[in-house]
Amino acid sequence: MKLSQINNIKFQTQSYNNKKNNNLANNQKINNNNVNFCGLTNMLSSFWLWVENGGRAISFTVEDMGGTNIPRTIMGMFAGFRYTHKINFNSLKQEGIREFLTGPTMTFMPMAILAGLKKVWGKSANTHVENLRNLSYLAQGTLENGKIDDKKFISKISKDMLEKTIGKLCTNSPSDVCDLTKDDVENLSNAILKYKNILADNSINKKVKKSELSKALENAQEIFSSVVKRTKDNYKSCDFLTASYSVSNTASGATSFKDYVGYIGDYLNDFSIYTKKQLHNLDSNALISKFKNNYIGKRLTTVALMVTITGILMSYIPKLYTWASGGVNPNAKAIYNEADKKKTEGGAG
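Colleague: Whenever I open this one, the packing of aromatic side chains confuses me. Can you help?
Modeller: The relative placement of two aromatic rings is captured by the distance of their centres and the angle of their planes. What the rule picks out here adds up to eight aromatic pairs. Here phenylalanine 224 and phenylalanine 257 contribute two aromatic rings whose centre-to-centre distance is 4.7 Å and whose plane-to-plane angle is 20°, an arrangement assigned as stacked. Placement of the pair is phenylalanine 224 in helix 9 (residues 210-231) and phenylalanine 257 in helix 10 (residues 257-276), with a sequence separation of 33 residues. The pair formed by phenylalanine 224 and phenylalanine 257 is uniform in burial state, with each residue classed as buried. A ring pair is formed by tyrosine 267 and phenylalanine 271, whose centres lie 6.1 Å apart and whose planes are at 15°; its orientation type is stacked. Highlighted residues: tyrosine 267 and phenylalanine 271, both in helix 10, separated by four residues, approximately one helical turn. Note on tyrosine 267: relative accessible area 1%, which makes it buried.

The structure is reproduced here in structure tokens:
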């Protein structure tokens, strides 16, 4: 009886150990699968982060390729396959040329034109007309000997930006929390000035890392957002990423904070280059007005050239894929041939 109990206990112990080992093995397999799954997730996350950081051009290209270009080209390749049981190479060429040229032409040709004109005319050729007027309005009173005082100009812009964006100071908290202070303006001004200086260094020696430039811009964005959050009366229709500004004594506008800061740096750099080529017998306001009108003309010309050249190039795409497919509609040709074949067979019968 005792021996039986001992043997029974031994068997139960072995059974328990076996189950434990099996569970450990299963858990190990699950963990291995999880590692693989996590690796795939990380790869996908990294890919889509790269797409997001790449801007609109990369985002559009990925969406266009995955959503239309590749699927439509494959469908074209098999057009009429159930009738002919053959790959439709003419349709493959037509769909491929149309899909893989249309999207990239619409996306990258304007970018190429803009990049070329920015090198020739200056980066302010990419500044919106409203912001050329806005920055020229705020530049008044900041010139010394035909040159803009960067610190004075950016301080004026920072004050204007905060006041226009906040709109109304909060009233339900202590005044030291709600009031827009000189320190707020100075901190934002210093952050924007730092970004502008890094941007200027980058345009000269091309050695500044993008991460350093991005970090300076993010820091300015954080300062701006924190001041708005602390002092604004309410957050209705406020995303903390949009800056408002004066365009004139009576008009105002708004745009992305990061875009606005970029426009400021471009304006200062191009104004400095422009005034070196001008006779300094003009008064400050006349010099600012001349620069503003010059770059408004360049901006409008830039947009017109982007639209016109891209439109002309796109008009040749149908001619190209029609020529490549033999001047016929290859998607329908197989169906027409099969219908003619059946008609002929029916008539012969």
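Back to the write-up after that little detour.
Colleague: What should I look at first to understand the side chain of threonine 310 in this one?
Modeller: As for its position among the elements, threonine 310 is in helix 11 (residues 284-324). If we skip the residues at most four places from it in the chain, threonine 310 touches Thr105, Met106, Met109, Pro110, Ile113 and Leu305.

Colleague: Is there a simple way to explain the confidence of the model for the protein chain in this structure?
Modeller: If pLDDT is low for a region, its predicted coordinates should not be looked at in detail. Per-residue confidence for the protein chain gives a mean pLDDT of 80; residues scoring 70 or more make up 73%. Between the elements of the protein chain, mean pLDDT differs from a low of 55, seen in helix 1 (residues 2-53), to a high of 97, seen in helix 5 (residues 129-139). Taken as a whole, residues 1-13 scores under 50 in pLDDT and shows zero contacts with residues more than four places along the chain or in a different chain.

Colleague: Would you mind showing me how to read the state of the cysteines here?
Modeller: Disulfide: a covalent bond connecting the sulfur atoms of a pair of cysteines. Evaluation of the coordinates by the stated rule reveals one disulfide. Each sulfur in the disulfide pair cysteine 170 and cysteine 178 lies 2.1 Å from the other. Here cysteine 170 and cysteine 178 share a disulfide; its torsion about the S-S bond, -110°, makes the bridge left-handed. Both residues of the pair, cysteine 170 and cysteine 178, count as buried.

Basis of the calculations
Residues numbered from 1 in each chain as written. Predicted model: local features only at pLDDT ≥ 70, side-chain atom pairs only at ≥ 80, totals over all residues. Heavy atoms only, no water. Phe/Tyr/Trp six-rings, centres within 6.5 Å; stacked < 30°, edge-to-face > 60°. Helix = DSSP H or I, 4+ residues; strand = E, 2+ residues; numbered from the N terminus. Buried < 20%, exposed > 50% of the residue type's maximum accessible area, 1.4 Å probe, protein only. Contact = heavy atoms within 4.5 Å. pLDDT = per-residue confidence, 0-100. Disulfide = S-S within 2.5 Å.

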